[in-house]
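What follows is each chain in one-letter form.
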Amino acid sequence: MVGREKELDELSRSIASGKDPTVVTGPIGCGKSRLALAVAHELEEVFPRGVHLFDCASVADSQERLRAFAALADQHPVPSAPDGAGRRALLLIDNYDSADQRVTQVLTGLLARDPDLSLLVTSRETTSLYQGRIYELQPLALPPKGPDATAEEFFAAPATQLLMQRACSFPLPVVTDEDRAAVTELLHDLDGLPLAIEFAAPLLRILGAEPLHRRVRSGLGILSSGSGSVSLRHSSMREALEGHYRALPVEARRILLRLGDHEEFTFDGAREIIGESSERVDHFLLMLIERNFLRVSHDPQHRPTFTFLNTMRSFVREKVAERNVRGGLSFHRGSVMHDHPSILTPRQRQVAELVADGLTNREISKHLGIAEWTAINHVREVMRRLQCTSRIQVANWVNRNLEKLHG
């Protein structure tokens, strides 16, 4: 794995020498799944009972996911060899979500009855399992910027190596200083995220360094599989971030969008930006941190501060712009809307906010855990009560009444 030799060695040694569960976490696109799969392949000979894989993202429906995982657990008998020889096995769970409590219960029971089962988990959130440890995977190291940066430092950076390997564009000895500066800026804008680099690499060959850098600066839309890149799960960088965003509760999304215009802030500063200080707000702020929407660093006084990766900030600002466009569109003439949230029941207010966030009826049903027809009926009733003739009008109503909805 380009640029991940150290992490591959660390994780392989740790899992081979111990039995405590390991959760690999990190921001979207940092390569958690690929690293975990590489570790599992590396350790096949260490686990005589085999290496087993379960990808939570491969089964969208929660009930089907539970049945599939329970079936895997039932096929995993506890060994009875008295001497302990040949007993070890490794279970890799990819894209684990701690909110899926039933899968967690089955997993906990499996670990309890099989002391020789090692567990490797990838997750978008910082979560601990069964007294295990957390391994925070960082983006690839970037080449330094500035006039003092050397060509040797540029080519030695793991992010550069991955981009060049995937792009197969520049014969390395003839890359100019201008090319190196543009590629360095590009890699910093991509945060050193392997997924973003994979999407950008084919475009480097087509557009050149500086034009590609300008286009990435203008938005994430260009980073897609249409450019010829290959991703096992995601068709674009924006789609990957969108899926992570949609998994948030509606109120956490709203807080995220409010923070998007700010470069750096403390925890108390985030409260001021949001305009509210309460346990509820603190809960959602911590959720954004634990799910890797916000990055944590420390100022010279060692106080924690929070910021966005460049890719996440671009995504959040695009979401804000989309919502402003939806909210700014005019109503049909003659439409008279009720402007007080009391016109809707609490469930209908939830549905209205999900409509404003752009969710389809099917996505609303999954988000709320209700049947799709129930979601359809809720949307229809919301539109009837608000006297709306389109979902855009519902979004407009929600944007006009945000403070009343959560006042």
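Look up: the structure comes first, before these words.
In what follows, the accompanying structure is described. Predicted model only: the values in this text are computed from it and were never measured. (Residues numbered from 1 in each chain as written. Predicted model: local features only at pLDDT ≥ 70, side-chain atom pairs only at ≥ 80, totals over all residues. Heavy atoms only, no water.)

## Section: the side chain of Q348
Here Q348 shows up in helix α15 (residues 346-356). For Q348, the contacting residues outside a window of four places in its chain are I343, H378, E381, V382 and R385. (Helix = DSSP H or I, 4+ residues; strand = E, 2+ residues; numbered from the N terminus. Contact = heavy atoms within 4.5 Å.)

## Some remarks on the packing of helix α7 (residues 177-189) against helix α9 (residues 209-218)
Across the interface, α7 lies against α9 with an axial gap of 8 Å and an inter-helix angle of 25°. Between α7 and α9, the crossing angle belongs to the class labelled roughly parallel. Pair α7 / α9 crosses with left-handed handedness. Facing α7, whose interface residues are D179, A182, V183, E185, L186 and D189, α9 presents A209, E210, L212, H213, V216 and R217. (Axes fitted to C-alpha atoms, helices over the stretch in contact; angles between N-to-C directions. Parallel < 35°, antiparallel > 145°, perpendicular 65-115°, else oblique. Left-handed = near helix turned anticlockwise from the far one by under 90°.)

## Quick look at the pattern of salt bridges
All told, the structure shown has 29 salt bridges when counted by the stated rule. When the shortest N-O distance is used, the salt bridge between K145 and E185 registers 3.8 Å. Taken as a pair, K145 in the loop between β5 (133-136) and α5 (151-156) and E185 in helix α7 lie far apart in primary sequence, 40 residues in all. The exposure class assigned to E185 is partly exposed, which follows from its relative accessible area of 26%. When the shortest N-O distance is used, the salt bridge between E353 and R254 registers 2.2 Å. (Salt bridge = Lys/Arg side-chain N within 4 Å of Asp/Glu carboxyl O. Buried < 20%, exposed > 50% of the residue type's maximum accessible area, 1.4 Å probe, protein only.)

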